[in-house]
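# Breakdown of the fold
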Amino acid sequence: MSESIHTILEELPQTSLTTHVLGALDWIVPGEWQNITTLQGMIESVTGETDGDLVQKIGEKTIQLYLDGEGYQRAVGLYRLVDSASTVAGAAAMANMVGSRFEILSFLQDVTPKPDTVQAIDAGVKFAAELACFCMTNGIPGDSVGDFVGALQSYGKEELMRIGAWVALDCVLPLGPDFLAKITESIQSVSEGELEDNRVFRFVADHLPGGIAEKKALIEQNIQSSGDFLTNMVESRGITQSGVLDRVREYIDIADDKLDAVAAAIDLSTNYFEHTGVQTVARRIVSRAYGEI
Amino acid sequence: MPQSDRSRSRRLKPFRLLALGLITLAPLVACNKETPKSTRWDQAASSAASAAAQKAEKKDTPPAPSEKPKEAASFNKFFPADGVDGTKRAFTQEKDTYAEAKITNNGKEMVVLSISDAVATPDVKDKFAKATEKLNGYPLVAVGKNQSALLVKDRYQVKASSQVLDHVARKSWLTKFDLNGLAAL
């Protein structure tokens, strides 16, 4: 039997390394993210309603919609998979770095990709996973591609926090200010076989349409079409490698100064995609339940 | 420990140590504190799970003859146009028989608009029986404190939900839908 959405929300930690890191990144999307871990809290946040009977009705409809709609459960599943997959990818990047530093492990350089390439492909595939989760949760809203891009750009709350964290932790911190070019180049130059070997991609692939060539093209297009939005976020918020590191350091002790090491360590130890992803799916269903009751 | 586990443990050890060395959680206090779980939704979850299981079992049998609900995509064209009074419209959901758009003003959410087909969920229409207001001849009610709902052609719920607009302002958004077009669907 599938788990109920209220239980999935309640299982999210109120405090964890992930919530601390997200809290540290609040300056990127000020006030957008609150760590809501109950269905009642989510209903009150989405609707502003506090009447007990009405809240109950919205909650019951939310629970029913989650169990009825296969898309919602698949979206939660994919948000979870992306994090568990990137955890392994993070370990791979660290292994390579260890290989650069300690000769005793230098053989690892032969079997693991360069950290930049791993990070860049990982970041591109993660962003494609976001697109897949969006479609599973919301359908494909509107009648045109423009409508769809508009929906992505109207992101708020947990989903905007997730994109902000992705830009900071998966893009700027490990790849630097020209992360967009690096991701695009890495996706363009990776062979289809290598892409199929990417752990994050393996989890996401089933949820993207078409064959391997189409999936690869979609990942690339997804990054390119969102380029202005992402660049604007980085520039308007002044997201820099040292800025991200300084803020994260306010909350966690990081002994290493090597940015790709720090990024890999954060990747290995947090699950912000899953955490905010569950909250996003819950928020969207509550909004629909409020509309349908 | 079996030999293979031991060697795996040896292989992983440098990474574990590095990870531990790189990151230690400063505020360890109150981490993952256990909170009481609510029981408020348990009954609803149990009923919904049974209903979903029953539905799955019956999926090969033909559905009872009744009018088929309209798909959400067919509602999009009846929403208020983009750019009304300088606002921005973004379609946000299109699921089954539910279509939703968010109206923002200067980047801030102003109102969420939605159309859904209640042909398969007749109980949601009950609230309109007590409606004292009408809009274009259709019954109109306030739901809770932040929502205004209209029932078009005795089946389509058209709603405006907002935490910043009052009932009068929400009603004004409902008039911006193509209600006649929706009724003719």
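Here the structure is shown first, and the text comes after it.
Heads up: these notes are all about the structure in this document. (Residues numbered from 1 in each chain as written. Chains lettered and ligands numbered in written order. Predicted model: local features only at pLDDT ≥ 70, side-chain atom pairs only at ≥ 80, totals over all residues.)

Summing up its helical and strand segments, chain A has 17 helices and one strand in all. Here chain A holds 293 residues, and the buried ones make up 55% of them. Considering only contacts within chain A whose residues lie at least 6 apart along the sequence, 80% involve residues at least 24 apart. (Helix = DSSP H or I, 4+ residues; strand = E, 2+ residues; numbered from the N terminus. Buried ≥ 20, exposed ≤ 12 C-beta atoms within 10 Å, placed from the backbone. Contact = placed C-beta atoms within 7 Å.)

What follows covers the overall build of chain B. Of the regular secondary structure elements, chain B holds four helices and eight strands. Along chain B, from the amino end to the carboxyl end, the secondary structure elements read α-β-α-β-β-β-β-β-β-β-α-α. The 185 residues of chain B split such that 31% are buried. A separation threshold of at least 6 residues defines the contact pool for chain B, and within that pool the share at least 24 residues apart is 45%.

Here the focus is the pairing of strand β4 (residues 108-117) of chain B. All names here are of chain B. Across the ten residues of β4, eight count as buried, placing the element largely inside the fold. Connecting strand β3 (residues 98-105) to the antiparallel partner β4 that follows it, the hairpin turn spans two residues, and Asn 106 within it adopts a positive phi of roughly 50°. Looking at chain direction, β4 and strand β8 (residues 156-161) are connected through six bridges and run antiparallel. Bridge pairing links Val 112 to Ser 161 in β8. (Pairing = 2+ DSSP bridges.)

For the rest of this paragraph, the subject is the nonpolar core. The biggest cluster of nonpolar side chains holds 91 residues, and the ones touching the most others in it are A:Val82, A:Ala132, A:Ala168, A:Val172, A:Val204, A:Ile285 and A:Val286. If one sorts the elements of this core by residue count, helix α7 (residues 115-138) of chain A sits on top with 13 residues. Residues in contact with A:Ala132, not counting those within four places in the same chain, are A:Leu78, A:Val204, A:His207 and A:Leu208. Judged by nonpolar contacts, the second largest core, of 31 residues, contains B:Val112, B:Ile115, B:Val158 and B:Phe177. (Core = buried A, V, L, I, M, F, W, Y, C linked by C-beta atoms within 7 Å.)

Taking strand neighbours across the sheet as the criterion, the seven strands line up as β2-β3-β4-β8-β7-β6-β5 (chain B) in an open arrangement whose pairing is antiparallel. The strands lining the two open edges of the sheet, one partner per strand, are β2 (88-95) and β5 (133-135) of chain B. Across the sheet, the mean angle separating the axes of adjacent strands is 25° when strand polarity is ignored. Lying on the sheet, helix α17 (residues 272-292) of chain A is in contact with β2, β3, β4, β7 (147-152) and β8 of chain B; it crosses β3(B) at an angle near 105°. (Axes fitted to C-alpha atoms, helices over the stretch in contact; angles between N-to-C directions.)

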